[in-house]
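Working through the structure, step by step
Spelled out from the first residue to the last, the chains are:
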Amino acid sequence: MKRLFSRLIMLGGIALAAVALPAQAGTPVRVGYIPVLGSSALFVVDGEGWAKDAGLDLQLVRFTSGPQAIQALVSGRIDAYVAGVLPLLQARAHGSDVKVVTAASVEELEVVTRGALAAQLPKDQDGGFSADTVKNTFVAFSKENGRLPRIAAQPVGSVPDSLLRFWLQKRVGIASLPTTVSIVGVDIDAAQQAFLASAVDAAVLREPALTVVRSRLPDVRTLATGHDLLPDQPGSVLAIVKPDAPERQAWAKQLASLFIRATTMLSSHPDDAAPFVTKALGGGILNEDVMKKALERSASRFISDPTRIVDGVRQLQDFEVEQGLLRKAQPVDDLFDLDLWRQLKQ
């Protein structure tokens, strides 16, 4: 009887141990991202639990600028990247095998202004100003205030900085930036805070910062829309490091498919995505109503098709080579894995 009882205890212990064993872990994927609305598809994929259901263990790594994320990518600390596309050209120039598999958004960035600089703009118009109007606005401000207008962007080499300079030089036609405007390179949060505190006269911002500053400052004007800066302006993308490596092919396709699914939700039902984006970007400060407004305003700009941004990437790369930020142009077509995109769309 004792032997029988001991055996039952042993079997019971085995059963309990089996119940206590953790579920099999998913494939770990380290995803570096920039905390902006353009990264929302990533937050949806993670928040909805789609990645976990697909057997992926997403490990999200936050960065405050593209160059920071690229440093991590080049050093092998991340497997995938959700942020602006231009820094990826620098990564490839340094020998990194990284490719864009889907787009995430276009025309994210805008230039907003307030105070004395905003007062120089024609009334009853936001964005769409002619090149002469923009130049005359800067000149008039400088004469009245005895200094150049200050515009906040991210550090040199980042997408916001390059795009701002591209717009000012190529589309507005300013021959000498140092004698016309002062560009201040700071991180994303600092740009918003500097604008709110009137430490700068204008800033390159994106949602949800745009919704936040407009709700707090009645005199905010749009100096340049995303379309003004560059039609189909390249925004955030999903890129995979060494996507053709055998150990990455399976999860790369899964992640890209889920990313497209999330982007479709963002463009057609932005309110459904608000809780996940608020959790990721709100930081306990932004409420869900603000995030809903930001997502609704951006819904038409959430796109997956990478072919829409190829030409813009080419234009901006040529500009960065001209500016000395890149030593030479990289083959832009090689940055995109369009075969994977076509497979996913079939």
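For the structure given in this document, a descriptive report is provided here.

Scoring rules and cut-offs
- Residues numbered from 1 in each chain as written.
- Predicted model: local features only at pLDDT ≥ 70, side-chain atom pairs only at ≥ 80, totals over all residues.
- Heavy atoms only, no water.
- Helix = DSSP H or I, 4+ residues; strand = E, 2+ residues; numbered from the N terminus.
- Pairing = 2+ DSSP bridges.
- Axes fitted to C-alpha atoms, helices over the stretch in contact; angles between N-to-C directions.
- 1 Å grid on protein atoms, 1.4 Å probe; cavity = no way out; pocket = protein on both sides within 12 Å on 5 of 7 lines; lining within 4 Å.
- Points joined across faces, edges and corners; volume = space filled by probe spheres on them.

**A few points about unusual backbone geometry**
- Here Glu207 and Pro208 are connected by a cis peptide whose omega angle stands at 0 degrees.
- Of note, Pro208 is situated in the loop between β8 (202-205) and α10 (209-216).
- For Glu107, which is not a glycine, the phi torsion comes out positive at approximately 55 degrees.
- Structurally, Glu107 is set in the loop between β4 (98-103) and β5 (110-113).

**Concerning the sheet that holds strand β10 (residues 236-241)**
- Taken together, five strands build an open sheet; the order of strands is β2-β1-β3-β10-β4 and the sheet is mixed. With one partner strand each, in any of the chains shown, β2 (56-62) and β4 form the two edges of the open sheet. Averaged over all pairs of adjacent strands, the angle between strand axes in this sheet comes to 25 degrees, irrespective of strand direction.
- In the sheet, β4 pairs with β10 via five bridges, with the strands oriented antiparallel. Looking at β10, one finds that Val98 is bridged to Val241.

**Describing empty space enclosed by the protein**
- Overall, the coordinates contain two cavities of 30 Å³ or more when judged by the stated rule.
- When its volume is computed, the largest cavity comes out at roughly 150 Å³.
- Taken together, 21 residues form the lining of the largest cavity, with Ile34, Gly84, Val159, Pro160 and Arg206 sitting closest to its centre.
- Only β3 (80-84) and α8 (159-171) provide two or more residues apiece to the lining of the largest cavity.
- Here the lining of the largest cavity takes three residues from β3, the largest share from any one element.

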